[in-house]
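Each chain, letter by letter, is given below.
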Amino acid sequence: MSRLIFSRYAPAHLLRPAPPLAIIRLNSILFTRSYTTKRYTKEHEWVNVEESLATIGITDHAQSSLGEVVFVEAPELNKKVKKQDPIGAVESVKAASDIYAPVSGDVVLVNERLKDQPSLINESPEDEGWFCKIKMSNSSEINDLLDAEAYEKFIDQKES
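Residues numbered from 1 in each chain as written. Predicted model: local features only at pLDDT ≥ 70, side-chain atom pairs only at ≥ 80, totals over all residues. Heavy atoms only, no water.

## A word on the UniProt feature "modified residue: N6-lipoyllysine" (unreviewed entry) in the protein
Taking the numbering used here, the UniProt-annotated feature "modified residue: N6-lipoyllysine" (unreviewed entry) corresponds to Lys 94. Its place among the elements puts Lys 94 in the loop between β6 (86-92) and β7 (96-100). The exposure class assigned to Lys 94 is exposed, which follows from its relative accessible area of 60%. Apart from residues no more than four positions distant in its own chain, Lys 94 is found in contact with Ser 64, Ser 65, Leu 66 and Gly 67. (UniProt positions renumbered as here; feature names shortened; annotations may be inferred. Helix = DSSP H or I, 4+ residues; strand = E, 2+ residues; numbered from the N terminus. Buried < 20%, exposed > 50% of the residue type's maximum accessible area, 1.4 Å probe, protein only. Contact = heavy atoms within 4.5 Å.)

## Considerations on the pattern of salt bridges
Applying the stated criterion across every chain, the model contains 6 salt bridges. The partner of Glu 126 in a salt bridge is Lys 38, and the shortest N-O contact between them spans 2.8 Å. Taken together, the residues Glu 126 in the loop between α6 (120-123) and β9 (132-136) and Lys 38 in strand β1 (residues 36-40) connect sequence positions 88 residues apart. In this structure, the salt-bridge partner of Lys 80 is Asp 106, at a minimum N-O distance of 3.1 Å. Residue Lys 80 is located in strand β5 (residues 80-81), and its partner Asp 106 is located in strand β8 (residues 105-110); the two are separated by 26 residues in the primary sequence. (Salt bridge = Lys/Arg side-chain N within 4 Å of Asp/Glu carboxyl O.)

## Here's the deal with the sheet that holds strand β4 (residues 69-73)
Pairing in this open sheet of 3 strands is antiparallel, and the strands run β4-β6-β7 from one edge to the other. Of all the strands in the sheet, the pair left with one neighbour each is β4 and β7. Each adjacent strand pair in this sheet contributes to an overall mean axis angle of 20 degrees, direction not counted. The pairing of β4 with β6 spans 4 bridges and is antiparallel. Bridge pairing in β6 links Val 72 to Val 90. (Pairing = 2+ DSSP bridges. Axes fitted to C-alpha atoms, helices over the stretch in contact; angles between N-to-C directions.)

## What to know about the environment of Ile 56
Structurally, Ile 56 can be placed in strand β3 (residues 53-58). For Ile 56, a relative accessible area of 0% gives the class buried. C-alpha of Ile 56 to C-alpha of Tyr 100: the two residues are 44 residues apart in sequence and 9.4 Å apart in space. With residues near it in sequence (within four places) discarded, Ile 56 still touches Trp 46, Val 47, Pro 102, Trp 130, Phe 131, Cys 132 and Ile 134.

## Comments concerning helix α7 (residues 148-159)
Compared with an ideal rise of 1.5 Å per residue, which puts 12 residues at 16 Å, α7 spans 17 Å between its outermost C-alpha atoms and is within 8% of the ideal. Considered for burial, the residues of α7 that qualify are Tyr 151, Phe 154 and Ile 155. Each buried residue of α7 lies within a common arc of 95 degrees when the element is viewed along its axis, so the set occupies one face. Exposed side chains of α7 directed beyond 90 degrees from the buried face belong to Glu 149 and Gln 157. (Expected span 1.5 Å × (residues − 1). Arc of directions from axis to C-beta.)

## Observations regarding the nonpolar core
One finds Val 47, Ala 54, Ile 87, Ile 121, Phe 131, Cys 132 and Ile 134 to be the most contacted residues of the largest nonpolar core, which totals 26 residues. Of all the secondary structure elements, the ones that give two or more residues to this core are β2 (45-50), β3, α4 (60-66), β4, β6, β8, α6 and β9. When residues no more than four places from it in sequence are discounted, the contact partners of Ala 54 are Val 47, Asn 48, Val 49, Val 103, Cys 132, Lys 133, Ile 134 and Met 136. Listed in part, the 7 residues of the second largest apolar core include Trp 130, Leu 146, Tyr 151 and Ile 155. (Core = buried A, V, L, I, M, F, W, Y, C linked by side-chain atoms within 4.5 Å.)

## A word on a nonpolar patch on the surface
Judged by side-chain polarity, Leu 53, Val 108 and Leu 109 come together as a nonpolar surface patch covering roughly 210 Å² of accessible area. Examined against the element boundaries, Leu 109 turns out to sit in strand β8. (Patch = residues over 30% accessible without salt bridge, like charges linked within 9 Å, V, L, I, M, F, W, Y side chains within 5 Å. Areas by Shrake-Rupley, 256 points an atom, 1.4 Å probe, with all protein chains shown as cover.)

## Notes on the packing of aromatic side chains
Going through the model one piece at a time under the given rule, you end up with 1 aromatic pair. Taking 4.8 Å as the distance between ring centres and 10 degrees as the angle between the ring planes, the aromatic pair formed by Tyr 40 and Tyr 151 counts as stacked. Of the two residues, Tyr 40 is situated in strand β1 and Tyr 151 in helix α7; the sequence distance between them amounts to 111 residues. The class for Tyr 40 is buried, based on a relative accessible area of 10%. Relative accessible area serves as the criterion here: at 3%, Tyr 151 is assigned to the buried category. (Phe/Tyr/Trp six-rings, centres within 6.5 Å; stacked < 30°, edge-to-face > 60°.)

Structure representation (structure tokens):
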């Protein structure tokens, strides 16, 4: 009965079946998959790679060791970097630490929010506190980095 009442008051265009063209369009939509790969360095940077774009930051372990971050020196936009080049620095109340490029390529984006909110690195080091994005010139360099399990083992060995 409720169906009948709804039909009675529903606009006419909602009651008509969709034309066959809509089905054809739906079937012609292309879906693409993009894979993300997250890796780590022994210098405590993380890199999240989606296709050829690498997002760089420091790990939760690094921010915890540094303490309250008070200043971030970011890399220059469009700067060409090589793997292991210093690309910036993080200063905290305890220490200062250089940030190294885990991959080679061009810096295409810098997290501008870190200028006014360096504490984002403490609050969300592996999400909102990302450092920069690098368009990779050699995607095979990612294979030299540690996966999550290897990074955890590395940390455990250093602390024991």
